[in-house]
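Listed below, chain by chain, are the residues.
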Amino acid sequence: MSDQVKTIGVLTSGGDAPGMNAAIRAVVRAGYARGMKVMGIERGYAGLLNEEIREMRPQDVSNIIERGGTILLTARCKEFMEEAGQKKGAEICRKYGIDGIVVIGGDGSYQGAIKLSENGVNTIGIPGTIDLDIACTEYTIGFDTAVNTAMEAIDRLRDTSSSHERCSIVEVMGRHAGHIAIWAGLSTGAEDILMPEDFDGNIDRIVEHVKESRRLKKTHHLIINAEGNKNSQELADRIEAETGISTRATILGHIQRGGSPTCRDRVTATLMGVKAVDLLKEGKTNRAVCMRDGRIIDMDLGEALAMQKSIDPELLNARALLKR
Ligand code: ADP
Ligand code: F6P
């Protein structure tokens, strides 16, 4: 173990995700347990550049493990996309004696973390995003809470949709990826799951499928549409016009990002926070904390970002087999 790293910082960046607070708590408490001082940086890279930095002691992270959102607040920061902003960020770290930073966020935040590392600040990334779209890891903090929230909301929609014998289109988050869509769709028995990864835009086929459901005397037809496909309302209008079946589009939106984190999110965030502190203590930099085969490991941040993620083939297979 290296005694070089005496003070570490922690920030949350990009979209918030349930479980980020559990990760912050783990970084603060594990940091202290390892004899380091921990500084909380508010509002991501924006707060770093504005020097919104305060010491965080173990008692400052009491009663946050169960809370959604991030107590450090989060932001998107254009200035940090530029070289001058990145150099300024590293200078500010040096001014506060911060030798290492834990960045909790998505792949955009990882790009920023690489820049900090290039400018001499030891940097570790923890995957915090509901989208599950970071290729190096099989799990990202917040995904489990988000899909459970989506699943519960869709169950409610199904009740009213069935009572009125309607078709229901539910748009879920995920940015350009369909991970939330396929998990939400499989868990609610959706008739169609449309993901940007493989949706070919063929609406005629969906219209035919809705008609087929009606022929089979189904009281509802549920379509999960990933936000990356857009056009949920247009899809609803077209289905209603071509089938005569009353159709509603519901955009679940930001409720998927809020709420108390599930057990899985809290525990994974805790393990990843501890791992990040251990990596900094060992003098490591430019590393991404990941989950592989259920174990917490680390890899080079640049290599992590170069990886491509696709939808798990077993999930695709289940979607194809269970579609009636
Ligand atoms: P996420 O981390 O959830 O993917 P964003 O893509 O919005 O969210 O990125 C969060 C922040 O990370 C951005 O506002 C910016 O400050 C920083 N960032 C993103 N891309 C880069 C980049 N190429 N270089 C430096 N910083 C970046
Ligand atoms: O990355 C998380 C996420 O919630 C995406 O699923 C979504 O596309 C995006 O952030 C929404 O961002 P904003 O909160 O800026 O509207």
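Residues numbered from 1 in each chain as written. Chains lettered and ligands numbered in written order. Predicted model: local features only at pLDDT ≥ 70, side-chain atom pairs only at ≥ 80, totals over all residues. Heavy atoms only, no water.

### Remarks on the site of ligand 2
Defined as follows: By convention in this text, a residue qualifies as near a molecule or strand provided that one of its non-hydrogen atoms is within 4 Å of it. Contacts described as polar in this section are N or O atom pairs within 3.5 Å, which, within protein, must combine one atom able to donate a hydrogen with one able to accept it, while residues neighboring in sequence count only if both atoms come from side chains. Each cavity reported here is a set of points on a 1 Å grid over the protein atoms alone in which a 1.4 Å probe fits but cannot get out, each pocket an open set with protein on both sides within 12 Å along at least five of seven lines, and each lining residue one with an atom within 4 Å of a point. Molecule-in-pocket calls rest on the fraction of atoms, with more than half required to lie within 2 Å of the cavity or pocket grid points. Residues were grouped as follows: Ala, Val, Leu, Ile, Met, Phe, Trp, Tyr, Cys and Pro as nonpolar; Asp, Glu, Lys and Arg as charged; and all remaining residues, including Gly, as polar. The domain boundaries here were taken from an automatic or database domain assignment.
In the vicinity of ligand 2, the contacting residues are R76, T129, I130, D131, M173, G174, R175, E227, H254 and R257. The separation between an oxygen atom of ligand 2 and a polar side-chain atom of R76 is 2.7 Å. Within the contact set of ligand 2, an oxygen atom lies 2.8 Å away from a side-chain nitrogen or oxygen of R257. Most atoms of ligand 2, that is more than half of them, are within 2 Å of grid points of the largest pocket. Looking at the shell around ligand 2, its residues break down into two nonpolar, three polar and five charged. Lining the shell around ligand 2 are residues from two domains, each supplying at least three of them: domain 1 (7-142 + 261-306) and domain 2 (144-257).

### Digging into the layout of surface pockets
Our working rule: Grid points are joined across faces, edges and corners, and a volume is the space filled by probe spheres set on the points. Secondary structure elements follow DSSP: runs of H or I no shorter than four residues count as helices, runs of E no shorter than two count as strands, and numbering proceeds from the N terminus.
Computed from the structure, the largest pocket encloses a volume of approximately 780 Å³. Residue lining of the largest pocket: 34 residues in total, with G106, D107, G108, S109 and R175 positioned closest to the centre. Within the residue set of the lining of the largest pocket, elements represented by two or more residues are α2 (44-49) and α4 (107-118). Per element, the largest residue contribution to the lining of the largest pocket is six residues, and it comes from α4. The residue makeup of the lining of the largest pocket, split by class, is nine nonpolar, 14 polar and eleven charged. Lining the second largest pocket are L132, E138, Y139, F143, H179, W183, R264, K309, S310, I311, D312 and L315. When grouped by side-chain class, the residues that make up the lining of the second largest pocket number six nonpolar, two polar and four charged.

### Brief notes about the site of ligand 1
This is how the line gets drawn: Residue burial considers only the protein chains on display, and all accessible areas are found by Shrake-Rupley using a 1.4 Å probe.
In the vicinity of ligand 1, 15 residues are found, and the nearest of them are R76, C77, G106, G108 and S109. In this structure, C77 approaches ligand 1 through a main-chain N or O atom, which is 2.7 Å from an oxygen atom. In this structure, an oxygen atom belonging to ligand 1 sits 3.0 Å away from a main-chain N or O atom of G108. Taking 550 Å² as the accessible area of ligand 1 by itself, protein coverage stands at 82%. The site holding ligand 1 turns out to be the largest pocket. A total of five residues in the shell around ligand 1 trace back to one element, the largest contributor, which is α4.

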